[in-house]
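# Breakdown of the fold
If you want the building blocks of each chain, they are given just below.
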Amino acid sequence: MNFLHKPFLIIVLFIGISFSCNPQKDITVSTTTTTSTSTPKVISTKKVKNIILLIGDGMGLSQVSASQFYNKNKSNFERFPVIGLSKTSSASDLITDSAAGATAFASGIKTYNGALGVNTDTTAVKTIVEEISKIGISTGIISTSSIVHATPAAFYTHTKKRSMYEDIALQLVSSDIDFFAGGGVKFFNDRKDKRDLISELEKNGFSVSTESLPTNTKPIFSNKQGYLLAPNGMPKMLEGRGDFLSEATKLAIESLSSNEQGFFLMVEGSQIDWGGHDKDADYLISELIDFDKTIGVALDFAKLDGETLVIVTADHETGGFTLASDERGDYNKIKPVFSTDGHSATMVPVFADGPSSEEFGGVYENTSIYDKMKALFFENNNQ
Ligand SMILES: [Zn+2]
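Structural notes, computed from the coordinates. Position labels on residues start from 1 in each chain and follow its written sequence. Local features in a predicted model are, by the rule used here, given only for residues with pLDDT of at least 70; side-chain atom pairs are given and counted only at 80 or more, and totals for whole chains, interfaces and linings are based on all residues.

## Some remarks on the packing of helix α1 (residues 61-69) against helix α10 (residues 281-305)
- To obtain each axis, a line is fitted to C-alpha atoms, and for helices this fit is confined to the stretch in contact; angles are then taken between N-to-C directions over 0 to 180 degrees. What counts as a helix is a DSSP run of H or I of at least four residues, what counts as a strand is a run of E of at least two, and both are numbered from the N terminus. Between α1 and α10, the least distance of the axes is 9 Å, while the angle of their chain directions is 80°. In terms of axis orientation, α1 runs roughly perpendicular to α10. Residues Q63, A66 and S67 of α1 touch α10, and the partners they reach there are L284, I285, L288, I289 and D292.
- Each residue gets one of three labels, nonpolar for Ala, Val, Leu, Ile, Met, Phe, Trp, Tyr, Cys and Pro, charged for Asp, Glu, Lys and Arg, and polar for the others, Gly among them. Among the residues making up the contact of α1 with α10, the classes are represented as five nonpolar, two polar and one charged. The cut-offs work like this: below 35 degrees is roughly parallel, past 145 is roughly antiparallel, 65 to 115 is roughly perpendicular, and the gaps in between are oblique. Residue pairs are scored as contacts if the distance between their C-beta atoms, which are placed from the backbone, is within 7 Å.

## Observations regarding the sheet that holds strand β4 (residues 50-56)
- The rule for pairing is simple: two strands pair if DSSP sees at least two bridges between them. The strand order across the open sheet formed by ten strands is β8-β9-β7-β6-β10-β4-β11-β16-β5-β17, and the pairing between neighbours is mixed. For this open sheet the edge positions go to β8 (206-209) and β17 (362-365), each flanked by a neighbour on one side alone. Strand-to-strand twist of the sheet, defined as the mean angle between neighbouring strand axes without regard to direction, takes the value 15°.
- In this sheet, strand β11 (residues 308-313) lies alongside β4 in parallel orientation, the contact comprising six bridges. Bridge pairing in β11 places L54 opposite V312.
- Seen against the sheet, α10 touches β4, β10 (263-269), β11 and β16 (348-353) and runs at an angle of roughly 160° to β11.

## Remarks on the environment of S258
- With respect to the secondary-structure elements, S258 resides in the loop between α8 (244-256) and β10.
- Backbone-placed C-beta atoms define the burial measure: a residue is buried with 20 or more other C-beta atoms within 10 Å of its own, exposed with 12 or fewer, and partly exposed in between. The exposure class assigned to S258 is exposed, which follows from the 10 C-beta atoms found within 10 Å.
- Separated by 120 residues in the primary sequence, S258 and S138 place their C-alpha atoms 9.3 Å from one another.

## Observations concerning the packing of α8 against α10
- For the pair α8 and α10, interaxial distance at closest approach is 8 Å and the crossing angle is 20°. Taken as axis vectors, α8 and α10 run roughly parallel relative to one another. α10 is crossed by α8, and the crossing has right-handed handedness. Across from L245, S246, T249, K250 and I253 in α8, the residues of α10 making contact are D290, F291, K293, T294, V297, A298 and F301.
- For the contact of α8 with α10, the per-class residue count stands at six nonpolar, three polar and three charged. In this scheme the handedness of a crossing depends on how the near helix is turned from the far one: anticlockwise by less than a right angle means left-handed, clockwise means right-handed.

## Focus: the nonpolar core
- Buried Ala, Val, Leu, Ile, Met, Phe, Trp, Tyr and Cys residues form a nonpolar core when they are connected through C-beta atoms within 7 Å. By size, the foremost hydrophobic cluster in this structure holds 94 residues, and its most contacted members are A169, A252, L265, V310 and I311.
- Among the elements that line this core, the one with the most residues is α10, at twelve residues.
- Once you skip the residues sitting within four places of it in the chain, L265 turns out to touch I52, G140, A252, I253 and L256.

Right, dumping it as structure tokens:
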């Protein structure tokens with residue numbers, strides 16, 4: 001049985017009954033909410049040493065809800081004690097793109113759609129990576145897109161147009177980033193200018209792999225690490241990407257946490273957005289479940305560590321996605337519906353856990369996420 005067939009994806013809700021088909025697509029439905037594992041709100045007095053920012057590109061509240069309905073009615077989102085809402089409009093448009101959205105998180109400014117690390121007049125603005133690297137904090141970025149795609153790029157580049165991928169790759173080589181993993185190798189080794197950016201990265205102290213994440217052998221953490229594991233974007237979950245996102249996140253945490261000064265790690269579930277653009281619920285939900293698993297990795301580390309703040313949010317919603325009833329209005333049947341193949345203007349949720357997580361409750365502009373992260377890093381370093 002396949003419950004996720006197209007074009008209509010319908011969940012039949014048998015109250016209190018769980019049933020299974022293929023393991024990825026088990027659906028357990030309950031009308032109760034007693035499965036919540038969220039912890040009581042505790043105002044922490046500990047300082048923030050590390051921040052892990054997980055961005056579900058295109059992930060609105062319906063997407064988060066879908067990740068529960070399609071994941072045995074449980075998810076790591078339930079572990080967060082603090083929830084806020086972020087207003088996503090850019091300087092140029094009511095509906096943002098990922099470039100302006102990520103620039104808001106990385107540099108704390110509203111800019112025009114398509115801009116990365118530059119102001120509305122195309123002047124470069126400092127990124128949080130540049131600012132915290134100066135005080136000795138290590139930084140990493142991971143994405144399931146190419147590493148030069150808008151969201152990861154906003155954290156290390158200053159580019160007036162997001163499509164300048166080869167230029168963005170060049171800027172990664174000389175950036176302050178200490179760890180990166182994603183796709184996009186062709187922008188490094190198959191370039192119009194014939195430069196070999198892989199060897200340039202190695203000259204700059206990186207161990208680079210274009211094959212895989214390390215498996216048995218323990219990586220040498222004294223080196224900076226780069227993983228470019230696909231020509232452009234990484235494969236879809238439905239096409240066998242496997243545990244890349246959660247494994248790369250584990251590896252980055254292991255590596256970056258060796259710095260006593262702390263670390264900042266940005267992890268993007270890039271293809272949640274692509275599922276929305278394709279109006280493909282199977283694609284969207286499989287990417288969400290993968291992202292949810294990765295959130296679990298971050299939360300597990302943070303729980304043990306005690307000085308790590310975990311923030312999960314989105315740059316915008318994609319697809320105008322809703323969990324509607326079926327055509328006959330049967331409230332026991334959910335049919336995911338898309339109202340657009342583009343982005344939407346709806347506010348997106350912000351989830352926070354760890355020291356100072358209480359600061360992320362409320363309704364605020366997306367730029368506030370940068371403001372809060374920066375203040376917490378600098379407060380910790382007494383600067
Ligand atoms: Zn998009």
